[in-house]
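Chain residues, written in single-letter form:
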Amino acid sequence: MGRIINTESIGKERTQLIRAVVLALRELMHQTDTDDRTRDLAAFIAIALDSIHQTIDVSVSAWEKRGYWIKADRFRMDWAWTERNSQELRQAVLVDDWPRVALTAGQITEKLKDVKVPQRNRIGTPWDGAWERLKQSN
């Protein structure tokens with residue numbers, strides 16, 4: 001029997017979420033008024049950032065088992081912004097504070113400015129229905 005290789009790793013999931021967030025940010029920047037699509041986009045970004053934050057501890061646990069404490073701490077510090085921005089965006093969307101949503105989206109865009117998304121979008125529109133999921137989770 002051969003080795004079983006997990007192709008659905010946490011790092012791959014994080015990369016897919018980051019690309020989806022970049023696409024959602026691009027779509028959000030093109031919105032001119034606040035409607036259900038705008039709420040879906042902002043809610044999806046908040047949910048996705050929270051999901052990204054959840055993957056960080058799983059990623060660094062392997063390093064900590066081997067005693068790479070500095071590497072693990074540096075990785076946590078590099079991704080700490082995801083939790084902060086997710087909570088801020090979540091609160092802003094729930095109370096319809098769109099200037100704060102725009103400010104937070106700008107901060108997220110700055111963090112993810114180097115992420116390349118392929119021209120051929122295979123991600124689709126994962127933000128559909130995110131507003132309802134966000135309301136239900138609170």
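Residues numbered from 1 in each chain as written. Predicted model: local features only at pLDDT ≥ 70, side-chain atom pairs only at ≥ 80, totals over all residues. Heavy atoms only, no water.

## Description of the packing of aromatic side chains
Move 1: The full count for this structure, using the stated rule, is four aromatic pairs.
Move 2: Relative to tryptophan 79, the ring of phenylalanine 75 has its centre 6.4 Å away and its plane inclined at 50°; by these criteria the two rings are tilted. In this pair, phenylalanine 75 and tryptophan 79 are both assigned in helix α3 (residues 69-94), four residues apart and thus about one turn of the helix distant. Across the pair, tryptophan 79 and phenylalanine 75 agree in class, each one buried.
Move 3: Ring geometry for tryptophan 79 against tryptophan 81: centres 6.0 Å apart, planes inclined by 25°, an arrangement best described as stacked. (Phe/Tyr/Trp six-rings, centres within 6.5 Å; stacked < 30°, edge-to-face > 60°. Helix = DSSP H or I, 4+ residues; strand = E, 2+ residues; numbered from the N terminus. Buried < 20%, exposed > 50% of the residue type's maximum accessible area, 1.4 Å probe, protein only.)

## Notes on the pattern of salt bridges
Move 1: With the rule as written, the count across this model stands at eight salt bridges.
Move 2: With its nearest N and O atoms 3.0 Å apart, the salt bridge here joins aspartate 57 to arginine 76. Pair noted here: aspartate 57 is in helix α2 (residues 36-65) and arginine 76 is in helix α3, with a separation of 19 residues, a long-range link.
Move 3: For arginine 76, a relative accessible area of 27% corresponds to the partly exposed category.
Move 4: Salt-bridge contacts for aspartate 97 lead to arginine 100; the nearest nitrogen and oxygen are separated by 3.9 Å.
Move 5: One salt-bridge network, in which partners are shared between bridges, spans Asp57, Glu64, Asp73 and Arg76. (Salt bridge = Lys/Arg side-chain N within 4 Å of Asp/Glu carboxyl O.)

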